[in-house]
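Take a look at the letters that make up each chain.
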Amino acid sequence: MADRKRKNTKKTKDLDPVFLTRFDRYLLGQGVDYKVYEKMGAHPAKLDGKKGMHFAVWAPHAKAVSIVCDRNNWDPKANYMLPLEKSGVYEGFIPDMGFGETYKYAILTKNDKILYKADPYGFSCEFRPGTASRTADIDGFHWHDKKWMEERAQGVTFEKPMAIYECHLGSWRKGDHENGRSGFLNYREYGEMLASYCNEMGYTHVELMGIAEYPFDGSWGYQVTGYYAPTSRYGDPKDFMTLVDTLHKAKIGVILDWVPAHFPKDAHGLADFDGEPLYEYANPLLGEHPEWGTKCFDYSKNEVKNFMIGNALYWYDEYHVDGLRVDAVASMLYLDYGRRDGQWVPNKYGGNGNLDNIEFFKHLNSIIRGRKDGTIIIAEESTAWPKITAAPEDDGLGFTYKWNMGWMHDFLDYMKLDPYFRKDNHNKMTFGMSYATSEKYILVLSHDEVVHLKCSMINKMPGYEVDKFANLKCGYLFMFGHAGKKLLFMGQDFGQAHEWDESVELSWNEAEQPLNKNLQNFMKDLLHMYQKYPAMYMLDDSYRGFEWINADDNSRSIFSFIRKDDTGKKNLLFVINLTPMERADYCVGAPVKGKYTLIFDENGAVTSESDKQRIYNSEKLECDKMPYRINYPLRPYGCAVFRFDYK
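Thresholds applied
Residues numbered from 1 in each chain as written. Predicted model: local features only at pLDDT ≥ 70, side-chain atom pairs only at ≥ 80, totals over all residues. Heavy atoms only, no water. Helix = DSSP H or I, 4+ residues; strand = E, 2+ residues; numbered from the N terminus. Rg over C-alpha atoms; globule rule 2.2 N^0.38 Å. Buried < 20%, exposed > 50% of the residue type's maximum accessible area, 1.4 Å probe, protein only. Contact = heavy atoms within 4.5 Å. Areas by Shrake-Rupley, 256 points an atom, 1.4 Å probe, with all protein chains shown as cover. Lys, Arg positive; Asp, Glu negative; His and termini not counted. Charge placed at Lys NZ, Arg CZ, Asp CG, Glu CD. Salt bridge = Lys/Arg side-chain N within 4 Å of Asp/Glu carboxyl O. Pairing = 2+ DSSP bridges. Phe/Tyr/Trp six-rings, centres within 6.5 Å; stacked < 30°, edge-to-face > 60°. Axes fitted to C-alpha atoms, helices over the stretch in contact; angles between N-to-C directions. Core = buried A, V, L, I, M, F, W, Y, C linked by side-chain atoms within 4.5 Å.

A. The overall build of the protein chain, seen in detail. Looking only at helices and strands, the protein chain features 15 helices and 30 strands. A compact globule built from 647 residues should have a C-alpha radius of gyration of about 26 Å, and the protein chain, at 27 Å, falls within 12% of that. Overall, the C-alpha framework of the protein chain stretches about 95 × 55 × 45 Å when taken along its three principal axes. By the burial criterion, 60% of the 647 residues in the protein chain qualify as buried. Here the analysis covers contacts within the protein chain between residues at least 6 apart in sequence; of these, 71% occur between residues at least 24 apart. Split by element, the accessible area of the protein chain, about 26,000 Å² in all, is 50% carbon and sulfur. Here the protein chain contributes 81 positively and 92 negatively charged side chains, and the mean placements of these two sets differ by 3 Å.

This is the structure we're talking about:
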């Protein structure tokens, strides 16, 4: 305790012994305390035989810091915290304080202004519009997912199916409006319902939007004020653990949206935390995001890196989440992202790459790769920045997967066209395979594509209502046949008509309408077929897994290709007709002689009492530069998937 300095003033009277050791503070200062949340924030402790709550906060520019809460009538003079030498960390102790109590830090700035801040490391927060932190117990939860965790660690993610259901809990299902909960259900209820729905449909993962605490519903959770707190909208931390545990027991993986790029300017949040820029850059050309009106993290500071790296690991370790989807990666990589000339500062080499953020990603992703426990991290990166998923030792950023935004834009541009014009845009659907192995990709049709007057997925499709559904089914089959893992946003699998609105529940009543139900059943069959056949996912990152039969049939807007794995068995031949024209005389090239069993068409899975009714024997006639062919009459917006073996 020799490094502790205590003044004989009223401010420091009865302050507590140092809980954070010199070594704890050293690790924080070096940015390598990967369990930093175990010491920072609020934790139960004992002092002189008396139980209470210990607090620690980083505020190096403050003149003084105190704890304010119900116990001291929110008096900033009642419980001053002890500054720990040279670390910028303050700590304090309040006897008898337990779990479920609200608190903030009262920070006296150099200008003698008092700021009331929520705890950056707080495990829980008040339900909005309250902004205080809440002490919470995250220890002692009884997990039931040991088998899931063991199997996850043993597998290779790239060789597994991944069909992700992106979900915003608050608008997926609504409850009543009792007890001031604004119609939200509890995490536990959501877990049970999501597990049932995803298992029935055939999804492998759920990606949850807006879990870390945020003040404004309309931000969807992308303007975070409580990075360590599952939002109180749906319950407490152990309720959220139950959701994850429930999904794992149902063999559904859990991915969270994670926002390390920026944070809002709300008075109780991280902005100007101790009266000066702390978590953000001091230079407004670096620290302000002009498009979003938010602050940008300053990853040149070790304590900031430690805060966010520790946060990522916190969700993996304490909540057993399987992956993080990192929002707005492009905005972090480019110094000039969303900025005009004169609004940004070049790096020391004169370029536009943000060197601090590049190093942050390499550091974080090296740790995640080194865990070897099956956890993943996904980049939402919208540019052609190289080596997003390459290993850091190969000068890559080290992400597990990258959202394929280029494929998404091309796909939607094509699918929105009147079929008459598709022949002139055929390459929009084929171009994606030219770079499909340059990264480890996820094909995404996310929430961003069905908001802000972009139309719902079904209403992007051309034609009469029946044509819209036929178009969308063909598009989904193309997506699931294409190389890459998959993601669909909620409501897209049954063709919800209106755009997504976070304030209202999905239109589940629409799912019972005939065309919607037909689409939903089609998607159910497609998702289960995807999981059943390794050819659809095992070689996503290798050209061995995909082969065009005819990529150039633009005059008829027909696409045909093969998906395969390394076994030679149960290969799949896809044919998709993206026009309302019938092709009664259609023939498709076939690579080998033998039987081709129709397993899927525009109505979904093809089943019959006799396999003979769906077996097509190839003919020894060259077609599509293949030595054999299959005669298969294509209906308007017709499609077919055949199973076959290489001899």
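B. Examining the pattern of salt bridges more closely. In the structure shown here, the tally under the stated rule is 36 salt bridges. The partner of Lys-485 in a salt bridge is Asp-540, with the nearest N and O atoms 3.2 Å apart. With Lys-485 in strand S21 (residues 485–489) and Asp-540 in the loop between helix H15 (514–532) and strand S22 (546–550), this pair connects stretches of sequence that are 55 residues apart. Here Lys-485 matches Asp-540 in class, with each residue buried. Measuring nitrogen to oxygen at the nearest pair gives 3.1 Å for the salt bridge that ties Arg-629 to Glu-619. With Arg-629 in strand S29 (residues 628–631) and Glu-619 in the loop between strand S28 (615–617) and S29, this pair connects stretches of sequence that are ten residues apart. The class of Arg-629 is partly exposed, set by a relative accessible area of 24%.

C. Geometry of the sheet that holds strand S14 (residues 262–263). Pairing in this open sheet of three strands is antiparallel, and the strands run S14-S16-S15 from one edge to the other. Of all the strands in the sheet, the pair left with one neighbour each is S14 and strand S15 (288–289). Judged from the two bridges that link them, S14 and strand S16 (residues 294–296) form a sheet pairing that is antiparallel. By the bridge assignment, Phe-263 is partnered in S16 with Lys-295.

D. Region of interest: the packing of aromatic side chains. For the structure shown, the criterion picks out 62 aromatic pairs. A centroid spacing of 6.3 Å and a plane angle of 55° characterise the contact between Trp-292 and Tyr-337, whose relative ring orientation is tilted. Residue Trp-292 is found in the loop between S15 and S16, and its partner Tyr-337 is found in the loop between helix H8 (329–333) and helix H9 (355–371); the two are separated by 45 residues along the sequence. Taking relative accessible area as the criterion, Trp-292 reaches 30% and is therefore assigned partly exposed. Given a relative accessible area of 26%, Tyr-337 falls into the partly exposed group.

E. How the structure looks around the pairing of strand S6 (residues 102–108). Of all seven residues in S6, seven are buried; the element is thus mostly enclosed. Residues Thr-102, Lys-104, Ala-106 and Leu-108 of S6 are buried on one face, and the alternating residues Tyr-103, Tyr-105 and Ile-107, pointing to the opposite face, are buried as well. Bridge count between strand S3 (residues 64–69) and S6: six bridges; the pairing is antiparallel. Within S6, the residue paired with Ser-66 across the bridge is Ala-106. With four bridges joining them, S6 and strand S7 (residues 114–117) adopt antiparallel strand pairing. Within S7, the residue paired with Ala-106 across the bridge is Tyr-116.

F. Local environment of the sheet that holds S21. A barrel is described by the order of its strands in space; here eight strands give the closed sequence S9-S10-S13-S17-S18-S19-S20-S21, paired in parallel fashion. Along the sheet, successive strands turn relative to each other by an average axial angle of 25°, direction set aside. Relative to strand S19 (residues 401–403), strand S18 (residues 376–379) runs parallel, the two being bridged by two bridges. The partner of Ala-379 across the bridge, within S19, is Lys-402.

G. Quick look at the environment of Lys-35. Mapped onto the elements of the fold, Lys-35 is located in the loop between helix H1 (22–30) and strand S1 (41–47). A relative accessible area of 34% places Lys-35 in the partly exposed class. The spacing of Lys-35 and Glu-439 is 404 residues in sequence and 31 Å in space, taken between C-alpha atoms. Apart from residues no more than four positions distant in its own chain, Lys-35 is found in contact with Asp-317 and Glu-318.

H. Just the pairing of strand S30 (residues 639–644), in detail. Counting buried residues along S30, five of its six residues qualify, which places the element largely inside the surrounding structure. Both strand S24 (residues 571–577) and S30 contribute to a ladder of six bridges, which runs antiparallel. Paired with Ile-576 across the strands is Cys-639, a residue of S30. Where strand S26 (residues 595–601) and S30 come together, four bridges link them in antiparallel fashion.

I. Main features of the nonpolar core. In terms of nonpolar packing, the biggest core is built from 182 residues, with Tyr-165, Leu-208, Tyr-279 and Trp-315 touching the most fellow members. Once residues within four sequence positions are removed from consideration, Leu-208 is found in contact with Cys-167, Leu-169, Leu-194, Phe-240, Leu-243, Val-254, Ile-255, Leu-256 and Asp-257. Formed by 20 residues, the second largest nonpolar core is a distinct cluster that contains Tyr-586, Val-606, Phe-642 and Phe-644.

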